[in-house]
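Residue-level listing of the chains:
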Amino acid sequence: MRKGFWRDREEIFFVGIGGVSMSGLALCLKNMGFRVRGSDVQESARTAALRRAGIEVAIGHRRENLKNAQAVVKNSAIREDNEELAEAAARGIPVVERAELLALVATQFEKTVAVAGSHGKTTATAMCAHVLDGCCGSVTAHIGGEDEKFGNFYMGGEKFFVTEACEYKENFLRLSPDTALVLNTDPDHLDYYKSAGALAEAYRKFCGRARSVILCGDDKIAGQVPAALTFGFSPRCDVSAEEVRQSGGKYSFILRAGGSVFDRIRLNVYGRHNVYNALAAASVGLLYGFPPYLIAEGLQKFTGIRRRFEEIGRLNGARVIADYAHHPREIAAALQAAHEICRGKVSVVFQPHTYSRTKSLFGDFVNVLSGAEELVIYKTYAAREYFDEEGCALTLAQHLPNALYMESVRELALYLRASLTGGGLALILGAGDIYYAARRALDLLHGAKSR
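Throughout what follows, the structure given in this document is the object of discussion. The shown structure was predicted, so the numbers you read here are calculated from the model rather than taken from an experiment. (Residues numbered from 1 in each chain as written. Predicted model: local features only at pLDDT ≥ 70, side-chain atom pairs only at ≥ 80, totals over all residues. Heavy atoms only, no water.)

1. Focus: the environment of Asp-188
Item 1. Relative to the helices and strands, Asp-188 is located in the loop between β10 (179–182) and α7 (190–193).
Item 2. Residue classification places Asp-188 among the buried residues on the basis of a relative accessible area of 3%.
Item 3. Distance from Asp-188 to Leu-299, taken between C-alpha atoms, is 28 Å for residues 111 residues apart in sequence.
Item 4. With residues near it in sequence (within four places) discarded, Asp-188 still touches Ser-118, Tyr-193, Leu-199, His-327 and Arg-357. (Helix = DSSP H or I, 4+ residues; strand = E, 2+ residues; numbered from the N terminus. Buried < 20%, exposed > 50% of the residue type's maximum accessible area, 1.4 Å probe, protein only. Contact = heavy atoms within 4.5 Å.)

Next comes the structure, spelled out in structure tokens:
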């Protein structure tokens, strides 16, 4: 990207603009005054939202889409033989990785808070945005999901920039944040890192690129990296929760920080795991010297992220809830939250996300899913990967004696109709297209009822 890129606000083209992170960056660049266009393989709610924001979106990847673009942005999921990338190479147009562009964007703000972790990033990033917005009113947020108030991008000022720091392929090492917030370092993406030790080393390098570090004191990385603050349930942490209470699946707690005890914080989202996320966001507010009562108000204004324990419908008197959980620890947290709000039977539908993750964490998946009362394993969402029998959904189902294996929306619809009863709950888990499959299944069933 040439030296005068930011000054001249050149025309930039996003390949795969409909992705949640890419669309957020596109909106950010548009708000900064750039001429922004892009392409994607299909129409979606996000491509429609981009058009409403004045961004031209082409459906289908074709060479002629580039027009007068002076820079092209791609992410790790775009294949190297993509027509638009080939056209950029032929014309000498600079091609920038999404992570590199994100790092450039971050430099335009006074302070950057980068949220890292194998899971919880999206929720914690959104919580941080709500906290900082409530405390100082000058924050821009790039969120890896759809916050109910902010969406996946919110521009509210130039003091703070809050963003997710993705560990995949060491993308987060492009960032040099003022504050690095590390939620956890659980093994993931081992197809790239090959070992948990290599992943932990990447997190340590990420922390080394920041001026200040906030760590989960209950994670194994604590003690290995100098931290300005630690958070967690342990009283040894600088920021911790006391008198944790649950009512209807939603939690409240007394915030303890620096030896002082503050007012009770009440969360408006489900699940005990969100106490961790709230402590992380509170730690960011405390690090920057904001008063605890404003931090509490910001956290209470957070009402959730789409696909994070989202109720997507009801059937036969039962609730149908979708959650993005695709890692064993996330699944455990979602199961706990489901049992806290449901007195009846909990039916689980899980779609594995990538063959490599299923293969590398196979035993953990078997352990966490073995306790499900009723279980469906839906066909693998392969994402960027090729078929691997050892890590496929069918192989996982065969190691779970109580599991049914399914591959179609029709099968899923028939299962939900037969399985769900009043007072029960269906928990739809996965980061792939299972969310849309479940919604289509419900539409089929409700359409059949109305005829």
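2. So, the packing of aromatic side chains
Item 1. Taken as a whole, this structure holds 12 aromatic pairs when the rule is applied.
Item 2. Geometrically, the ring pair formed by Phe-172 and Tyr-203 is edge-to-face, given 5.3 Å between the ring centres and 80° between the ring planes. With a gap of 31 residues between them, Phe-172 in the loop between β9 (160–164) and β10 and Tyr-203 in helix α8 (residues 196–208) connect regions that are remote in the sequence.
Item 3. Plain terms: the ring middles of Tyr-270 and Phe-309 are 5.5 Å apart, the flat faces sit at 55° to each other, and that makes the pair tilted. Here the residue Tyr-270 occupies a position in strand β15 (residues 260–270), and Phe-309 occupies one in the loop between α10 (292–301) and β16 (310–315), the gap between them amounting to 39 residues.
Item 4. The class for Tyr-270 is partly exposed, based on a relative accessible area of 22%.
Item 5. Given a relative accessible area of 11%, Phe-309 falls into the buried group. (Phe/Tyr/Trp six-rings, centres within 6.5 Å; stacked < 30°, edge-to-face > 60°.)

3. Things to note about the sheet that holds strand β4 (residues 71–74)
Item 1. In spatial order, the strands read β3-β2-β1-β4-β5; together these 5 strands make up an open sheet with parallel pairing. The sheet is open, and its two edges are formed by β3 (56–59) and β5 (95–97), each paired on a single side. Looking at each pair of strands side by side, their axes are set apart by 25° on average, direction ignored.
Item 2. Pairing analysis gives 4 bridges linking strand β2 (residues 35–40) to β3, with the strands arranged parallel. From the neighbouring strand, Asp-40 faces β3, where its bridge partner is Ile-59.
Item 3. Across the sheet, helix α2 (residues 20–31) is in contact with β1 (11–15), β2 and β4; its angle to β1 comes to roughly 170°. (Pairing = 2+ DSSP bridges. Axes fitted to C-alpha atoms, helices over the stretch in contact; angles between N-to-C directions.)

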